[in-house]
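Here is what each chain is made of, one letter per residue.
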Amino acid sequence: MNLADLAAREAVLKALADEIGDQLKAVRAEVQTELDKNRGVQQVAAVLPDGRQVAKVSLTDPAPAAVVTDPEAFAAWVRDHHPDKGAVTRRFVLEVRPATQAALLAEMTAAGVPQWCDKETGEVHTVPGVEIRATRARSHSVRFDTGGRGRVAEAWRSGALTSLVLPELTAGGAE
């Protein structure tokens, strides 16, 4: 191919990739909305118009984790309960060392509560400024079956996906 042909090919592929990307974002949001409505559904088969399964769409629920919601309250608590462990650095401001924060949050995440147990005294502390909450939104993943991508490509080439995908692509993104 000469330079002009390559430039045209790139422009066409870029336009298609942009449009497909926009359509993928839109349908992904629709799938998530439907998964959220149908709380009992954890997985859905992705089936081509000819009935062949090509993938599974699976719900991914984020695990709750301990997160600092009030850094000042958390830092003050660490200062008062970990003074001899090198947990804080004193400067003009009090801040918890990242390694200490990570270790404490990991312990609280494992326990499932914003509490920490002093191993020496056995005292259980409710840690201010920390909550257990989801760290990301519910989502879903698409996992192709063995040969699934090939079956999608074959169906695309044969025109079998026209009713499933093509109307949105041809009607989309007019500037």
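Just so it is clear, the structure is predicted and the values come from calculations on it, not from any experiment.

**Q** I'd like a description of helix α4 (residues 148-158), backed by residues and values.
**A** Burial in α4 covers these residues: G148, R151 and A155. An end-on view of α4 places all buried positions within 60° of arc, on one side of the element. For α4, exposure combined with an orientation more than 90 degrees from the buried face picks out R149 and R157. On its buried side, α4 packs onto β2 (53-60) and β9 (139-144). Among the residues trailing α4, G159 stands out with phi positive, at a value near 85°.

**Q** Please provide a residue-by-residue account of the packing of helix α2 (residues 71-81) against helix α3 (residues 98-111), values included.
**A** For the pair α2 and α3, the least separation of the axes is 12 Å and the interaxial angle reads 95°. One way to sum up the angle between α2 and α3 is to call them roughly perpendicular. In contact with F74, W77 and V78 of α2, α3 contributes T100, Q101, L104 and M108. For the contact of α2 with α3, the per-class residue count stands at five nonpolar, two polar and no charged.

**Q** Before we move on, could you go through the pattern of salt bridges and cite the residues and values that matter?
**A** Using the criterion set out here, one finds eight salt bridges in the structure. Between D18 and K14 there is a salt bridge, with its nearest N and O atoms 2.9 Å apart. In this pair, D18 and K14 are both assigned in helix α1 (residues 3-37), four residues apart and thus about one turn of the helix distant. Its relative accessible area of 37% is what places D18 among the partly exposed residues. Between R133 and E131 there is a salt bridge, with its nearest N and O atoms 2.8 Å apart. Among the residues examined, E131 registers a relative accessible area of 37% and is labelled partly exposed.

Thresholds, definitions, all that
Residues numbered from 1 in each chain as written. Predicted model: local features only at pLDDT ≥ 70, side-chain atom pairs only at ≥ 80, totals over all residues. Heavy atoms only, no water. Buried < 20%, exposed > 50% of the residue type's maximum accessible area, 1.4 Å probe, protein only. Helix = DSSP H or I, 4+ residues; strand = E, 2+ residues; numbered from the N terminus. Arc of directions from axis to C-beta. Contact = heavy atoms within 4.5 Å. Axes fitted to C-alpha atoms, helices over the stretch in contact; angles between N-to-C directions. Parallel < 35°, antiparallel > 145°, perpendicular 65-115°, else oblique. Nonpolar A, V, L, I, M, F, W, Y, C, P; charged D, E, K, R; others polar. Salt bridge = Lys/Arg side-chain N within 4 Å of Asp/Glu carboxyl O.

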